[in-house]
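# Observations on the model geometry
Letter by letter, the chains look like this.
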Amino acid sequence: MTRPYTLLIHGGCEGITKDHYTPESQKAHLEALGTSLAAGRRVLDSRGHAVDAVLSAVRVLEDCPLFNAGRGSVFTRAGRIEMDASVMNGENLGAGAVAGITCIKNPVLAAGAVMKKSAHVLLMGTGAEAFCKKQGLEKVDPKYFHTVERKKEHLAGKALKGEKYGTVGAVCIDGQGNLAAATSTGGITNKQYGRVGDSPIIGAGVYADNSTCAVSCTGQGELFLRRVAAHRVSALMAFKQLSLADAVAEVLESIRDLGGKGGMIAVDRTGQVCLAFTTRGMFRGLVREHQPARVAMFGPPGTWA
Ligand code: ASP
């Protein structure tokens, strides 16, 4: 028996206020979110697995230069781009991630390859890149990821905190009731080279378990790491019987207690969804089977464009 699927995506949550975006730029971002949902929906309409839906949706956002993942990623202080990504399969707790990669076109597909084709969960740097090459993943010149906008931010020496977090992610429950989550990022503008945030860390920036929920996070990675944020949502549901919305709210509150902000998208095993953020906006999108896709960028969380 199948049930209706649900797919949610995000494209980061910091600095999303009306004065930061021209109407043209708003339109471009919302369209990109729509394209990402459409890619995930195609997989689900052909009865694909939740894992493949989140990989497809995130891949589109990585290819789009407007978000801080894949092409359009932020620069390290040393002037390079180092990307992190992860994916998790709630059906069997399979997980894959890469950290600090510089030349693989789609970091989320690299994470998928680690999950599906290696005996490991997390590969980093040149070792991860060599593995991806062996798997036939597309390699590009590191300059492919450069965009004028990010370069400007880098050269302006933007601070590590309070800058735009444009990390991307997706969570899904498919027609068979399987959950999956994926997250991909360039990290934080002018980060120390070698810095790894929460996005590729299973349990921090991503988590999926068919018995509870699937979660993808965005925000100040160091705090999501210290709270083991994504897994904490799942744990609150499993051990304290909290609803998805209450669990997400509690975890975002715990991030706030540490002095930080952020956002999460999540879906539980019954198909309940939660898109929440403690910033003023979050690029976000939602599609349910047989229903039109919805996208938004400004707050509050329940608002749609
Ligand atoms: N969480 C990401 C990181 O710290 C940043 C973001 O969400 O934009 O790398």
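Parameters and conventions
- Residues numbered from 1 in each chain as written.
- Predicted model: local features only at pLDDT ≥ 70, side-chain atom pairs only at ≥ 80, totals over all residues.
- Heavy atoms only, no water.
- Core = buried A, V, L, I, M, F, W, Y, C linked by side-chain atoms within 4.5 Å.
- Buried < 20%, exposed > 50% of the residue type's maximum accessible area, 1.4 Å probe, protein only.
- Contact = heavy atoms within 4.5 Å.
- Pairing = 2+ DSSP bridges.
- Helix = DSSP H or I, 4+ residues; strand = E, 2+ residues; numbered from the N terminus.
- Axes fitted to C-alpha atoms, helices over the stretch in contact; angles between N-to-C directions.
- Expected span 1.5 Å × (residues − 1).

## Some thoughts on the nonpolar core
Ranked by internal contacts, the top residues of the largest apolar core, which has 54 residues, are Leu7, Leu33, Val54, Phe67 and Val87. Here Phe67 is in contact with Gly11, His29, Ala32, Leu33, Leu61, Gly72, Ser73, Arg150, Gly166, Val168 and Phe283, once residues within four sequence places are set aside.

## Quick look at the sheet that holds strand β3 (residues 94-101)
Sheet architecture is open: eight strands sit in the order β4-β3-β2-β6-β5-β1-β11-β12, paired in mixed fashion. With one partner strand each, in any of the chains shown, β4 (122-124) and β12 (294-298) form the two edges of the open sheet. Strand-to-strand twist across the sheet, computed as the mean angle between neighbouring axes with direction ignored, equals 10°. The pairing of strand β1 (residues 6-10) with strand β5 (residues 168-173) spans five bridges and is antiparallel. Bridging across to β5, Leu7 finds its partner in Cys172. Set on the sheet, helix α2 (residues 50-63) makes contact with β1, β2 (83-89), β5 and β6 (179-185); between it and β5 the angle comes to about 155°. Running at roughly 120° to β3, helix α4 (residues 125-134) makes contact with β3 and β4 of the sheet.

## Regarding helix α1 (residues 23-45)
For α1, which comprises 23 residues, the first-to-last C-alpha distance of 32 Å matches the rise-based estimate of 33 Å (1.5 Å per residue) to within 8%. On its buried side, α1 packs onto β1, α2, β5, β11 (281-288) and β12. Of the residues one or two after α1, Arg47 is the one with positive phi, at around 65°.

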